[in-house]
Amino acid sequence: MTRTPRLVLPILSVLLAAAGLRADEGMWTFDNLPVKKMQAKYGFAPDQAWLDHVRLSSLRFPGGSGSFVSKDGLVLTNHHVGRSWIQSVSGPGEKDYIKLGFVAKTREEEIKVPGLELNTLMQMDNVTDRVAKATASAKDEKAKAKARETELEAIKKEITAKTGFTPEVVTLYQGGETWIYSYKKHTDVRLVMAPEGQIAFFGGDPDNFTYPRHNLDFSMFRVYENGKPYNPPHHLAWTRTGLKAGDMTFVTGHPGSTARLETTAQMKMTRDVAFPLRLKSVERQIKFLKAWGAQDPEKARQVSSQVFGLENTQKAITGYLSGLKNAEAMARIEKAEQELQAKVKKDPKLQAEAGQSWTKIAAAMATARGLAKDAAYVNTRGSQLLGGALNLVRLADEEPKADDKRLAEFKETNLKRLKAQLGNAPRNFNKDLEIASFAHGLQESLDELGANHPFVKAMLGGKKPMDVAKEAVEGSKLTDPAVRKALLEGGKKALAESKDPMILLAKKLDPIGRELRKKQEDVNAVVTEHGGRIAKARFAAYGKETYPDATFSLRLSYGAVAGYPANGTQIQPFTTFAGLYDRAWGWGPAAEHGAWALPQRWQDRKGAVDLATPFNFVHTMDIIGGNSGSPVVDKAGELVGLIFDGNIESLPGRYYYDERINRAVSVDARAIAEAMAKVYDAGHLVDEIHVK
Amino acid sequence: MHLRAFTLLALAASLRADEGMWTFDNVPKAKIQATYGFAPSDAFLDHLRLSSLRFPGATGAFVSADGLVLTNHHVGLGAVQQLSSKGRDYVKDGFLARTRAEELKVPGYELLLLDSTADVTDRVNAAVKPGMDDKAARAARENALASLQKAEAERTGLTCNPVTLYQGGEYWIYRYKKFTDVRLVMAPEEGIAFFGGDWDNFTWPRHDLDITLFRVYENGQPYKPAHFLKLSAKGAKAGDLVFASGNPAATARQETVAQIALARDRVIPQRLKSLARLRDALAEHGKTSEEARRLVGDQLRGLENGIKRQTGWLAGLKDAEAMARIQADEQALRAAVAKDPALKARAGEAWARIARAARREGQLLKESTFVAARNSTLLVHALNLVRLAEETAKPDEQRLNEFKEANLKATKARLASPRPLDAGVEAAMLAANLAEAKEELGAAHPFVKAMLGGASPREAAEAAVKGSKLADPAERRRLMEGGPGAVAASTDPMILLARKLDPLNRRVRKQVEDEVQGVYTNMGGRIAEARFKAYGKTQYPDATFTLRLTYGPIETYPANGTKQQPFTTFAGLYDRAWGQGDGAFDGAWALPPRWKEAASKLDLATPFNFAYACDTTGGNSGSPVVNTDGELVGLNFDSNIEAQVGRYFYDGRTKRSIAVDARAIVEALEKVYGAGELAMELRGR
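Residues numbered from 1 in each chain as written. Chains lettered and ligands numbered in written order. Predicted model: local features only at pLDDT ≥ 70, side-chain atom pairs only at ≥ 80, totals over all residues.

Even after reading the chapter, I still don't get the overall build of chain B, so can you show me in this structure?
Within chain B, the regular secondary structure consists of 26 helices and 20 strands. Taking the principal axes of its C-alpha atoms as reference, chain B extends roughly 70 × 70 × 55 Å. Taken over 685 residues, chain B has a buried fraction of 45%. Partitioning the contacts of chain B with sequence separation of at least 6, the portion at a separation of at least 24 is 77%. (Helix = DSSP H or I, 4+ residues; strand = E, 2+ residues; numbered from the N terminus. Buried ≥ 20, exposed ≤ 12 C-beta atoms within 10 Å, placed from the backbone. Contact = placed C-beta atoms within 7 Å.)

So what exactly am I meant to see when it comes to unusual backbone geometry here?
The step from A:Y211 to A:P212 runs through a cis peptide bond, and the omega angle for that step is 5°. Take A:P212: it is sitting in the loop between α8 (204-207) and β10 (219-225). Following B:W204, the chain continues into B:P205 via a peptide bond in cis, with omega recorded as 0°. Look at A:N567: it is not a glycine, yet its phi comes out positive at around 55°. Positive phi outside glycine occurs at B:F545, with the angle close to 55°. Looking at the secondary structure, you find B:F545 in the loop between α22 (493-535) and β13 (548-553).

Honestly, the confidence of the model for chain B in this entry has me stumped. Any pointers?
Where the model shows low pLDDT, its predicted coordinates should not be examined in detail. Residue and element names in this part refer to chain B. On average, residues of chain B score 92 in pLDDT, and 98% of them reach the 70 mark or higher. Note on residues 1-15: pLDDT under 50 across the span, and 21 contacts to partners over four residues away in sequence or across chains. Taken together, the chains of this predicted complex give a pTM of 0.84 and an interface ipTM of 0.84. (pLDDT = per-residue confidence, 0-100.)

Can you help me understand the nonpolar core in this one?
Core analysis: the largest hydrophobic core is formed by 239 residues, its most contacted members being A:V75, B:V63, B:V69 and B:V242. Residues within four places of B:V69 in sequence aside, it is in contact with B:L53, B:G60, B:A61, B:F62, B:V63, B:L111, B:L213, B:F214, B:R215 and B:V216. The next biggest cluster of nonpolar side chains, apart from the first, holds 42 residues, and it includes B:L430, B:L434, B:F447 and B:V487. (Core = buried A, V, L, I, M, F, W, Y, C linked by C-beta atoms within 7 Å.)

I would appreciate a short explanation of helix α7 (residues 134-156) of chain B in the present structure.
Given 3.6 residues per turn, any residue in an α-helix points the same way as the ones three and four places further on. Residues and elements named next belong to chain B. The terminal C-alpha atoms of α7, which comprises 23 residues, lie 33 Å apart, in line with the 33 Å expected from a rise of 1.5 Å per residue. Taken as a whole, α7 has its buried residues at L145, L148 and E152. Along its buried surface, α7 packs onto α6 (121-126), β7 (159-165) and β8 (170-179). Two residues or fewer after α7 comes G157, characterised by a positive phi angle close to 75°. (Expected span 1.5 Å × (residues − 1).)

Before we go on, may I ask you to explain the interface of chain B and chain A in this structure?
Interfaces are often sized by the accessible area lost when the parts come together. Listed per partner, the contact involves 31 residues of chain B and 30 residues of chain A. For the side of chain B that touches chain A, the secondary structure elements donating two or more residues are α9 (197-200), β15 (562-563), β16 (567-569) and α23 (570-580) of chain B. Considering every element that reaches the side of chain B that touches chain A, the biggest residue donor is α23(B), with eight residues. Split into classes, the residues belonging to the side of chain B that touches chain A amount to 14 nonpolar, twelve polar and five charged. (Nonpolar A, V, L, I, M, F, W, Y, C, P; charged D, E, K, R; others polar.)

What is the right way to read the sheet that holds strand β17 (residues 614-619) of chain A from this model?
By way of backbone hydrogen bonds, the strands of a sheet pair with one another, either parallel or antiparallel. Residue and element names in this part refer to chain A. Strand order in the open sheet formed by seven strands is β13-β12-β18-β19-β20-β17-β16, with antiparallel pairing between adjacent strands. What marks the edges here is a single partner per strand, and that holds for β13 (555-560) and β16 (574-576). Going across the sheet, the axis of each strand differs from the next one's by a mean of 30°, ignoring polarity. Contacting β17, β19 (639-646) and β20 (664-668), helix α24 (residues 669-678) crosses the sheet at an angle of about 35° to β20. (Pairing = 2+ DSSP bridges. Axes fitted to C-alpha atoms, helices over the stretch in contact; angles between N-to-C directions.)

How do you make sense of the sheet that holds strand β19 (residues 632-639) of chain B when you look at a structure like this?
Residue and element names in this part refer to chain B. Read from one edge of the open sheet, seven strands run β13-β12-β18-β19-β20-β17-β16, paired in antiparallel fashion. Every other strand in the sheet has two partners, leaving β13 and β16 as the edge strands with one partner each. Across this sheet, the average inter-strand angle for adjacent strands is 30°, counted without regard to direction. Pairing geometry for β19 and strand β20 (residues 657-661), over five bridges, is antiparallel. By the bridge assignment for β20, D638 is matched with I658. Sheet strands in contact with helix α25 (residues 662-671) are β17 (607-612), β19 and β20, and its direction is about 35° off that of β20.

Explain helix α14 (residues 350-370) of chain B here, please?
Residues and elements named next belong to chain B. Here α14 is 21 residues long and its end C-alpha atoms lie 29 Å apart, about the 30 Å a rise of 1.5 Å per residue gives. The largest bend in α14 comes to about 55°, at L364. Restricting attention to buried positions, one finds in α14 the residues A350, W351, I354, A357, A358, E361, E367 and F370. Taken together, the buried residues of α14 touch α10 (257-286), α12 (320-339), α13 (341-347), α17 (423-441) and α22. (Bend = angle between axes of the 7 residues up to and from the residue.)

Here it is as structure tokens:
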């Protein structure tokens, strides 16, 4: 299961770059730091050794970030980054590590997490020129793309042969630069410690994306190699001095993606159509899952991660939407767009390339508005089995085609993984939930699209959603890997003969879905092509003074620990353990479904912890989803904190940046050490991280 | 007077749960019972009323058998300041009387206990004879009320005040017992009473020990009140129904949508702009020297407060959903009026007339704001001196309001006030005002030309302030007592400015009074009358700085992206102090030394402040908060930023009052102040 990172955080609109970058903004690549700006503002800029050290101490998690914090391969990340992995090694009762927390008292007790893979960025090669050379003689776009791909494959092979690293292509500045980032892959990763979910996510959904905050949102893993703890050449030393307000901090992590390069036409489509539709659907799904979970505690446990994710999405989208609805900010974005348009107009070459692009995208958005409802409600409707069935049905059609004619998920690069997935039993399958989810999805399509919509007619055939879902799920054999394998390998013939109800539904969905998808892809093609042209024009106009869009590759952000004005007053830069107890006592354990209830261990150890210990803090960092688990380091390159969220004011930052109030929220390193020592009796781990 | 019973449907749309500042004779018991399964009995209400006290501008309550009185620190602040002297700064360091003998008498301090009330509506209305026009009727009522007041005072020996409720729907005489021997018993350090300073003012979560204890004496002995509030032993918890009794000063909830819209679109934004400008000017002046910084401190705080409160109003008024509700309420009342011929004849046109007057107010706004002696104390003095002789020569009803007999004494007292004035601050403020007037009215405006005479605002202000002797109270008294001749002969530059200002200001003032205020009062009165006839006493009257009861639960509300905790604790106090640090924002969250030392002694889980859904406003400061047993659980001291718009309407989703939890008071007295005996007295042991 892939998790949506909770942390979807402030981003600078590069559209604003025309007016000059604001202080502390930017997710900078390690080769292009605004050294002068840092030096001017903070009297400090990192040197190459410093940069290499923090880069080589940083790790990429699936959907998040982390770092090495001991010479024996101990890894620090967020609890919410590790959460699905912790859950995957948990079970009921005393093995419910999400609920109870987990501490490996010895290395033997560390639990191997199957499938978890971490990556260290070992080297970065700018191959822009080499690719340009290789594609120079290509006569058309198609040939150019082919030549580019061939050259990149060749470079990757060279690197792998030379280093053994895993290379990945990273396209920066929308094609302005091409890089190969090469990773060292760690595949033996073991769970070392996790606090209770309740203290990691203290305040639950109400407090999510807010501050002041009191979350011990961390978990620890250890990387092994050849059955032994791995000794990384670099790890972050744990601070023994700690931070104070005004101190400069740095964050290294993997911001996932940003929407800053969208045109105003795209933003308006999102604001008026896409987000409102999405919100409505998410609200409905949360209601459904909560009702389902209300049947019994085990069911509640089964859907808790899903509910968590959806509520998270709901709050985030609400926040983004508030940004898009901010007339003043939108006016600024429009102005910046016009400035870039003016620059493009003045330069004949840019004008030829991108002069029409804004109009083209606007026209595509008009089409997208018309497709939005179908895009939301014509799909596999929350059924894992139907998802598998559709892929099986399509695979038989797609595989015989030439690679470039296939749907994206069936292209050679994805095919192997897809086949492996299709051949296995569905992950975490739960029949009752599958029936209920599918019925809910079908009902929603019926309500939103109407009974006469071709998709609704095809799926329901006049029957009730629940009847269709029950029949299809109960009658399907697709939970059996052998049946799946047979269909996978039997090709068109096997599928044609299959009477599996899910396969039959998938066959009905297939042509309707393809037709919609074709229309969506036409829209996307325009957006990709002309978005790219605009981005190139921007790169030509403003160059590397700015930083590239987030690409889930390693970046460095910097800023200072600072409060901000909100709620009628000045918000404190730090919270403390005293604030944790204040919040818990001020609410009581039962309020809001126990959102602020303290785990028993925290009640018992109240007298043991130093209440003045800084717990969470806010700082002016430009980060976004994917930065979850990023280490926060000080000028000395020592670990002082752990990114885990942003404040509510940071959400509109998806579209524009307001440095007055936009803040990242981190766990203070002192809180982690204090809790490990005084609450979790994990002194052995404290000793390990405190070794210089 | 023909009262008409209308359907309660309109009312249902009009009153929100827990809304209302109810008079004690008209508590909505059935509604409280329906919502909370509890209704206060008459005995409960009498006990609460007879334990409550009116402070100058605020509220307090008897909390012991020996006349101990609890109110806010910011209510008692003036008294604490008055008793302080060089070397004995009770504001900064706090005060504690270890024995009764150490309790400090506050000269001139008076507290009022509402002994009883009498509805005199019929008698007042009986004074109106058939054929009287509006003006004559108003005079007849005023006279009747005044003579009733006098007769009641003589008959009972109590302090009697006339009270007009429902904009004239009801007339009452409120009889007060007056206490004049009031002594200071205990005051905490301002640093803990006002922890978080101006920043945290009007906000939640909060951590303020905003209390002062006084004791009432009679005949040199501690007074034994017939009623006092016992401290609740168990305290309150979230969801508990609580009541607050107090003296809310003023609300504007009867204003029409047209008036509110004007306030939202023009008046408040204009005022905010002016306030910000004045604040910046004073802050700038404060940078000139350490002494200047000290001198402007108080004013800056007041300005910041004003800015924050009005920003809160504006935020509330911009809430489209809330405004739609107000609109619907107004439509419901207008529909009710339209259906009844008598009401229609009297009030049918009132909304349209007020809307026109509001447009006129908008047109006059700039002149009425800037063609005036704004914020400059010297210019105000000069203008009053210039006008005094002329006005007092006129018959009373023709005078400007501040020179009418009823107000003349106060106006003269202000002129003679010995309060020192700082020339630097005066010049800075006058210069800021003149600069703003020039910008807003234009250099060619007669007022601007008259005031500046070609000079820059700064030059004009400095010349007038430097050359004036009016900062000297003796000089003002000389001119005041010297009659028309003395002022006419004066060549004091402030007097010269005031003479130029006088006719210009009179003109715009008359326009506003005739074309705007007159219509508001007259037509507003008719709407209030219609509302009272349509809904009767199912509604509460606007605030009148008389005793009212409000009720509601201790309750969270949504803000800042999350839900707000209903209680804070001492742990939260330390969290805030540690999290901000001593040096942040001029020490707004720095703890007094005693509190730093007490961290390990206190039970940090003690509830400190709580947020509750009672409908309070200015004047409710120091209101006792009691549970359904009539026991003291808290002390009202503020409301959240979302509550500020309560001036115009009540929004139960987010409006919260803020109280000090009674448990925090005794815990602090015992553990921080070593005042165990006082704590015992509060506990009734």
